[in-house]
Amino acid sequence: MDINDLRSVVTVISMLLFLGLVGWTYARSRKAAFDEAAQLPFQEEVDASPAVRNEGRAS
């Protein structure tokens, strides 16, 4: 086994991992979780104390 065989094996493994990741990303069973995660930046923080939320406002 020379270096070119090793490079071929690494290329094939990388391609299979990439295709697996693409398949996992576009799987219909993951849609609800990804839709929920996409809305996270638009949700209010519930755990923040009033002092932290009003930090930038003049009293």
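Please read all numbers here as calculations on a predicted model, not as lab measurements. (Residues numbered from 1 in each chain as written. Predicted model: local features only at pLDDT ≥ 70, side-chain atom pairs only at ≥ 80, totals over all residues. Heavy atoms only, no water.)

A. Up close: the overall build of the protein chain. Check the secondary structure of the protein chain and you find three helices and zero strands. Mapped in sequence order, the helices and strands of the protein chain form the string α-α-α. Looking at the 59 residues of the protein chain, the share that counts as buried comes to 2%. With an accessible surface of roughly 5800 Å², the protein chain has 61% of that area assigned to carbon and sulfur atoms. (Helix = DSSP H or I, 4+ residues; strand = E, 2+ residues; numbered from the N terminus. Buried < 20%, exposed > 50% of the residue type's maximum accessible area, 1.4 Å probe, protein only. Areas by Shrake-Rupley, 256 points an atom, 1.4 Å probe, with all protein chains shown as cover.)

B. Looking closely at the packing of aromatic side chains. Inspection of every chain in the model, using the stated rule, returns one aromatic pair. Each ring, one from Trp24 and one from Phe34, has its centre 5.5 Å from the other, and the planes form 90°; the classification is edge-to-face. With a gap of 10 residues between them, Trp24 in helix 1 (residues 3-25) and Phe34 in helix 2 (residues 31-38) connect regions that are remote in the sequence. Taking NZ or CZ as reference, Arg30 lies 5.1 Å from the ring centre of Phe34, over its face. (Phe/Tyr/Trp six-rings, centres within 6.5 Å; stacked < 30°, edge-to-face > 60°. Lys NZ or Arg CZ within 6 Å of the ring centre and 35° of its normal.)

C. Structural view of the confidence of the model for the protein chain. For the protein chain, the average pLDDT comes to 85, and 76% of its residues sit at 70 or higher. The spread of mean pLDDT over the elements of the protein chain runs between helix 3 (residues 50-53), the lowest at 58, and helix 1, the highest at 96. (pLDDT = per-residue confidence, 0-100.)

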